[in-house]
Amino acid sequence: MPNKPLCLVTGACGFMGTHMVELLAKSGYPVRATDLEASCRQDNRKRGCFPSVVRAAGVELIPADLTEPDTLEKVCEGVEIVFHIAGLFKYSASWDALRAVNEQGTRNLISALERRGRVRCFIMWGAGGVYGLPNPEMLPLTEDTPINPPNNYLRSKALAEQVVMDWCEKRKIPHAVLRPTTVYGPRAVYGGG
């Protein structure tokens, strides 16, 4: 595919983000990666940050913070495909902090994309836990299964998902929400990676 679209990966220095960056770069897509300033400096296995992987992939890395809208302008310039992985993943975080990053941060990203991007596809990383603990009669889970997030982290992820779906549906932008459950592998901080 000549002139492949510019892809944005948020949370790019984290476990899932680094794998997404590597996959896109190996597939020949131009990639703009972003993560918090501290996460872009040096590898920190304990925190699950691997900027060396992003740099090795040969992609553009621009630090930004979802809670600081001004930092998102340059990140969103010309972006066509969004892989929104970034979020505050901490069950003990306060409700205010979770909403500020996961819900409002997603709104901030979308606002910057509206001003600076040319989005034609949006992939949102949600969380499988938004369904709560399903009863056996609910299985298998489908896209129509009602969500029932059991904690503040998962409530904030559900709100972020809804922000993305509402925006994309209103503008007729193809989109998907991925809801992974426990994911592990190389560079995982939990689960035996």
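Visitor: What is the right way to read the pattern of salt bridges from this model?
Guide: Close approach of charged atoms allows side chains of opposite charge to pair. Applying the stated criterion to the full structure yields 11 salt bridges. Residues R115 and E73 are paired through a salt bridge, measuring 2.3 Å at the closest nitrogen-oxygen approach. Remark: E73 occurs in helix α4 (residues 73-76) and R115 occurs in helix α5 (residues 95-116); sequence separation between them is 42 residues. One salt bridge connects R107 with E103, and the closest N-O pair in it is separated by 3.2 Å. You can see R107 and its partner E103 sitting in helix α5, 4 residues apart, about one turn around the helix. Exposure remark for E103: the relative accessible area of 7% places this residue in the buried category. By sharing partners, the salt bridges in this structure join E73, E77, R115 and R116 into a single network.

Visitor: Just checking my understanding: could you explain the layout of surface pockets for this structure?
Guide: Any empty space left between the atoms is revealed when a probe the size of a water molecule rolls over them. Approximately 1,200 Å³ is the volume found for the largest pocket. What lines the largest pocket is a set of 42 residues, among which I85, A86, G87, L88 and F89 lie closest to the centre. Looking at side-chain class alone, the lining of the largest pocket contains 23 nonpolar, 14 polar and 5 charged residues. Roughly 210 Å³ of volume is contained in the second largest pocket.

Visitor: I tried to follow helix α6 (residues 152-171) on my own but got confused; where do I start?
Guide: What sets the pattern is the α-helix's 3.6 residues per turn: residues three or four places apart point alike. Over its 20 residues, α6 runs 29 Å from end to end, which matches the ideal 28 Å to within 8%, given 1.5 Å per residue. For α6, the secondary structure elements touched by its buried residues are α5, β5 (121-125) and β6 (175-178). Between the side-chain oxygen at the start of α6 and the backbone nitrogen of Y153 there is a gap of 3.2 Å, and the oxygen is on N151. Phi turns positive, to about 55°, at K172, one or two residues after α6.

Visitor: Please explain the packing of aromatic side chains as it appears in this structure.
Guide: The geometry of two aromatic rings is summed up by the distance between their centres and the angle between their planes. This structure, assessed with the given rule, holds 5 aromatic pairs. Ring geometry for F122 versus W167: centroids 6.1 Å apart, planes at 75°, classification edge-to-face. Here F122 is found in strand β5, whereas its partner W167 is found in helix α6, with 45 residues between them in sequence. Feature note: the residues F89, Y91 and Y153 constitute an aromatic cluster, connected by ring pairs.

Visitor: What am I meant to see in the pairing of strand β2 (residues 31-34) here?
Guide: Every other side chain in a regular strand lies on the same face of the sheet, so the side chains alternate between the two faces. Of the two faces of β2, the one lined by V31 and A33 and the one lined by R32 and T34 are each fully buried. For the segment spanning strand β1 (residues 7-10), helix α1 (residues 15-26) and β2, crossover handedness is right-handed. In this sheet, strand β3 (residues 60-61) lies alongside β2 in parallel orientation, the contact comprising 2 bridges. Bridged to A33 within β3 is L61.

Visitor: Would you mind showing me how to read the state of the cysteines here?
Guide: Any covalent bond linking the sulfur atoms of two cysteines counts as a disulfide. Under the counting rule described, the total for this entry stands at 0 disulfides. Looking at the unpaired C13, the closest cysteine sulfur is the one in C40, lying at 4.1 Å. For the unlinked cysteine C168, the closest cysteine sulfur is that of C121, found at 8.1 Å. The exposure class assigned to C168 is buried, which follows from its relative accessible area of 0%.

Visitor: I tried to follow the side chain of E161 on my own but got confused; where do I start?
Guide: By the secondary structure assignment, E161 is in helix α6. According to the relative accessible area criterion, E161 is buried, its value standing at 1%. Every residue in contact with E161, bar those within four places of it in the chain, is listed here: M124, G126, A127, V130, V177 and R179.

Conventions we followed
Residues numbered from 1 in each chain as written. Predicted model: local features only at pLDDT ≥ 70, side-chain atom pairs only at ≥ 80, totals over all residues. Heavy atoms only, no water. Salt bridge = Lys/Arg side-chain N within 4 Å of Asp/Glu carboxyl O. Helix = DSSP H or I, 4+ residues; strand = E, 2+ residues; numbered from the N terminus. Buried < 20%, exposed > 50% of the residue type's maximum accessible area, 1.4 Å probe, protein only. 1 Å grid on protein atoms, 1.4 Å probe; cavity = no way out; pocket = protein on both sides within 12 Å on 5 of 7 lines; lining within 4 Å. Points joined across faces, edges and corners; volume = space filled by probe spheres on them. Nonpolar A, V, L, I, M, F, W, Y, C, P; charged D, E, K, R; others polar. Expected span 1.5 Å × (residues − 1). Contact = heavy atoms within 4.5 Å. Polar contact = N/O pair within 3.5 Å; in protein donor to acceptor, adjacent residues only side chain to side chain. Phe/Tyr/Trp six-rings, centres within 6.5 Å; stacked < 30°, edge-to-face > 60°. Right-handed = clockwise from strand over helix to strand, strands pointing away. Pairing = 2+ DSSP bridges. Disulfide = S-S within 2.5 Å.

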